[in-house]
Amino acid sequence: MSSILLATDGSEYARHAAEQAIELAVERDADLHVLCVVDRRRFDDPALSSAELATIYADDHAAVCVNEVAEMAQQRKVRVEGDTRHGIPHEVINEYAADIDADIILVGEHGDHEEHFSGVGRKVLETSDREVRVVEAEG
């Protein structure tokens with residue numbers, strides 16, 4: 001069975017990547033795995049500190065991002081699994097892809113973690129041994 005990994009952060013670019021990932025899953029009759037990574041460099045694990053609320057918000061946002069894509073995929077009858085994790089985004093994405101033996105990884109060109117293509121998408125593309133599609137927003 002084929003597996004597709006979509007890394008999402010809820011941005012406009014990630015939504016376009018989600019649409020492509022869902023279409024690809026339909027074409028390949030593949031399972032779609034949706035992952036949102038809370039960047040531990042920006043949001044540490046919740047603890048009794050001033051950053052606790054921001055971390056809780058980031059966790060909640062990650063869950064919403066995953067659920068949004070899962071709902072889109074379920075409307076197209078695509079088998080979907082979602083997860084949120086903490087870590088350095090490109091590292092977690094590559095580890096997760098290895099765990100599920102993903103055939104392809106899709107990620108938006110820009111996202112909430114970055115201002116331009118020098119961020120997460122580029123790092124996944126450079127470090128992954130899998131096919132990676134960095135999806136641009138439609139203009």
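On a predicted model such as this, the values are computed, not experimentally measured, just so you know.

## A look at the overall build of the chain
Helices and strands together make up the secondary structure of the chain, namely four helices and five strands. Secondary structure elements in the chain, listed N-terminal to C-terminal, are β-α-β-α-β-α-β-α-β. Burial statistics for the chain: of 139 residues in total, 46% are counted as buried.

## Comments concerning the side chain of Asp-39
Relative to the helices and strands, Asp-39 resides in strand S2 (residues 31-39). A residue is classified by how much of its surface remains accessible, and Asp-39, at 4% relative accessible area, is buried. A polar atom in the side chain of Asp-39 sits 2.8 Å from the side chain of Arg-41.

## Side note on helix H4 (residues 120-127)
Counting along an α-helix, one turn takes 3.6 residues, and residues three or four places apart therefore face a common direction. Among all positions of H4, only Val-120, Gly-121 and Val-124 are buried. All buried residues of H4 lie within an arc of 100° about the axis, which places them on one face of the element. Looking at the buried positions of H4, the neighbouring elements they touch are helix H3 (89-100), strand S4 (104-108) and strand S5 (131-135).

## As for the confidence of the model for the chain
For the chain, the mean per-residue pLDDT works out to 87, and 86% of the residues sit at or above 70. For residues 112-118, every residue scores under 50 in pLDDT, and the model assigns this stretch 24 contacts once sequence neighbours within four places are set aside.

How each quantity is defined
Residues numbered from 1 in each chain as written. Predicted model: local features only at pLDDT ≥ 70, side-chain atom pairs only at ≥ 80, totals over all residues. Heavy atoms only, no water. Helix = DSSP H or I, 4+ residues; strand = E, 2+ residues; numbered from the N terminus. Buried < 20%, exposed > 50% of the residue type's maximum accessible area, 1.4 Å probe, protein only. Polar contact = N/O pair within 3.5 Å; in protein donor to acceptor, adjacent residues only side chain to side chain. Arc of directions from axis to C-beta. Contact = heavy atoms within 4.5 Å. pLDDT = per-residue confidence, 0-100.

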